[in-house]
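Letter by letter, the chains look like this.
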Amino acid sequence: MSFETSLQQAQALDAADPLTIFREQFALPVARDGRPLIYLCGHSLGLAPRDARARVVEEIEDWEKLGVLGHEAARRPWIDYAELLQADLAQLAGALPIEVAAMNSLTVNLHLLLASFYRPSGPSDRRRRVLIEAGAFPSDRHVVTSQLAWHGCDPQADLLEAAPRPGEDLLRIEDVEALIDAHRDELALILWPGVQYRTGQAFDLARLAAAAHRAGALLCVDLAHSIGNTPLSLHDWNIDCAAWCGYKYLNGGPGAIGGLFVHQRHSDDGSRQRLSGWWGHDAATRFQMSPQFKPAMGAAGWQLSNPPILSSAPLLASLAQFRNAGIAALRAKSLLLTGFLRLLLEQRCGKELQMITPAAADEHACQLSLRIHGGAERARQVYKQLATRGLIADWREPDLVRLAPVPLYNRFADVWQAADTLADVLRLTA
Ligand SMILES: *Cc1c(COP(=O)(O)O)cnc(C)c1O
């Protein structure tokens, strides 16, 4: 083992890391015997900010003390609670505050966006097809196929899927562009991930937006694995609309409130058709309870219901940490942290696994996806052994382990420990 990848080196990197103070702001899970776990699973559920409990308790206290009066008299009045999240979410999305809203959860928001941005006149509308990636997260696929059926279109024939070339795991953006171009008269919408959940591949969203627009289609982005992970500039990239969940890199807690983005140019005049609810009504006149719907300006006009305060409070705690750390600094650390993990794995386990995630900085985020050699049975065995040894990673059928070092709370020493554990387990299961 070279000096550069020793535990001492990892500890030296931690000592030099200006963001190491943020780790103390999160609760770190421990095993039943009290041993600390190595948690590399922020891509699935982010850890609890230490302030999350206080934020939730404050709302329960205000509810106990104030009842319905809490809507206006709570420390953070519930009527305006979603707006408390707006500025920080806009910062992370690279959007104008008016372009984002905290609301619902991811799949619901995707449906609401498609209700506005996928509107073929029917099965004979030439421009009715929707493009997704062939390996899309099931929920995203279900959204699109059910929307196709909802409009009387054919969920198979009208669904277009971009697949990697035979024998490859990753999508080549030039292939995706070519596919978009080849269907330029038929494409209505593209639903695309910022970061692919299985492979960890990150996409050039500005380039995809340009390709979509050249073809006369719209681009809707799923940011489940992007927001809070990589810096975004949705406004400048000209993304049409986007949605995300609050519980992965945003650390909002299980089932946390999600959010959406609608580019200003689509919401300026409030005329775009949508599925509406009273919370999307202009806040100034919402409580006049008029039968006429007057949408709030911007993304807020897509809200349906009053927000779930108890599932928004932890997100408030987490967004404060993002504000203090800054997404640019987090990304700089993330590149080092994930780069260190890649180097360790290549040096110590190189022959035993295949790194699926691209190595180029602009093509990956914090996650690394590893294919374990030796067949699905061995791969599953390896994953189980990792869990037994206190490494919290995750597993994707048939043979992938995903590891996501998160710069807010993971250390270089965690990454070293993870690689050391994996190297051990691979040796023992060889
Ligand atoms: C996590 C994730 C989801 C989950 O959807 P929910 O509606 O929040 O349950 C959907 N799509 C992608 C791509 C995801 O990564």
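Next up on the list: the sheet that holds strand S12 (residues 394-396). As summarised here, the arrangement of the four strands in space is S9-S10-S13-S12, forming an open sheet in which the pairing is antiparallel. Sheet topology places strand S9 (353-355) and S12 at the edges, where each strand pairs with a single neighbour. Sheet twist, expressed as the mean angle between neighbouring strand axes with direction ignored, is 30 degrees. Pairing of strand S10 (residues 368-372) with strand S13 (residues 400-403) involves four bridges; the strand directions are antiparallel. Note that in S13 the partner of Arg-371 across the bridge is Leu-400. Against the sheet, helix H11 (residues 327-349) engages S9, S10 and S13, with an angle of about 15 degrees to S10.

Okay, the site of the ligand next. In the vicinity of the ligand, the contacting residues are Leu-106, Thr-107, Phe-137, Asp-140, Asp-222, Ala-224, His-225, Cys-245, Tyr-247 and Lys-248. Thr-107 is positioned with one of its side-chain polar atoms (N or O) 2.6 Å from an oxygen atom of the ligand. Between an oxygen atom of the ligand and a side-chain N or O atom of His-225, the distance comes to 2.9 Å. Here the ligand loses 83% of its free accessible area of 390 Å² to cover by the protein chains. Here the shell around the ligand is composed, by residue class, of five nonpolar, two polar and three charged.

Here the focus is helix H5 (residues 106-117). With 12 residues, H5 should cover 16 Å at 1.5 Å per step; its first-to-last C-alpha distance of 16 Å lies within 8% of that length. Counting buried positions along H5 yields nine of 12 residues, so the element is predominantly enclosed. The inward-facing, buried residues of H5 contact helix H6 (138-150), strand S5 (187-193), strand S6 (218-222), strand S7 (241-244), strand S8 (259-262) and helix H9 (264-267).

A word on the pairing of S5. Of all seven residues in S5, seven are buried; the element is thus mostly enclosed. Pairing of strand S3 (residues 129-133) with S5 involves three bridges; the strand directions are parallel. In the strand pairing of S5, Val-130 is matched with Leu-189. Of the pairings in the sheet, the one linking S5 to S6 comprises five bridges and is parallel in character. If you follow Pro-193 over to S6, its bridge partner there is Asp-222. Handedness of the crossover is the feature at issue here: the chain leaves S5, passes through helix H8 (residues 205-214), returns alongside S6, and the resulting connection is right-handed.

What follows concerns the domain arrangement of the protein. Taken domain by domain, the protein comprises domain 1 (7-36 + 326-428) and domain 2 (57-322). With centres defined by C-alpha atoms, the gap from domain 1 to domain 2 works out at 29 Å. Each side of the interface is counted separately: domain 1 has 28 residues, and domain 2 has 19 residues. When the two sides are added together, the surface that domain 1 and domain 2 hide from each other amounts to roughly 2,000 Å², 56% of it contributed by carbon and sulfur. Among the residues of domain 1 in contact with domain 2, Ile-327, Ile-356 and Ala-365 are the three that bury the most area, contributing 24% of the side total. Our enumeration of links across domain 1 and domain 2 arrives at one salt bridge. For the pair domain 1 and domain 2, the interface holds 10 residue pairs in polar contact (both at pLDDT 80 or more).

Rules used in this analysis
Residues numbered from 1 in each chain as written. Predicted model: local features only at pLDDT ≥ 70, side-chain atom pairs only at ≥ 80, totals over all residues. Heavy atoms only, no water. Pairing = 2+ DSSP bridges. Helix = DSSP H or I, 4+ residues; strand = E, 2+ residues; numbered from the N terminus. Axes fitted to C-alpha atoms, helices over the stretch in contact; angles between N-to-C directions. Contact = heavy atoms within 4.5 Å. Near = heavy atom within 4 Å. Polar contact = N/O pair within 3.5 Å; in protein donor to acceptor, adjacent residues only side chain to side chain. Areas by Shrake-Rupley, 256 points an atom, 1.4 Å probe, with all protein chains shown as cover. Nonpolar A, V, L, I, M, F, W, Y, C, P; charged D, E, K, R; others polar. Expected span 1.5 Å × (residues − 1). Buried < 20%, exposed > 50% of the residue type's maximum accessible area, 1.4 Å probe, protein only. Right-handed = clockwise from strand over helix to strand, strands pointing away. Domains from an automatic or database assignment. Buried area = accessible area lost by both parts, 1.4 Å probe. Salt bridge = Lys/Arg side-chain N within 4 Å of Asp/Glu carboxyl O.

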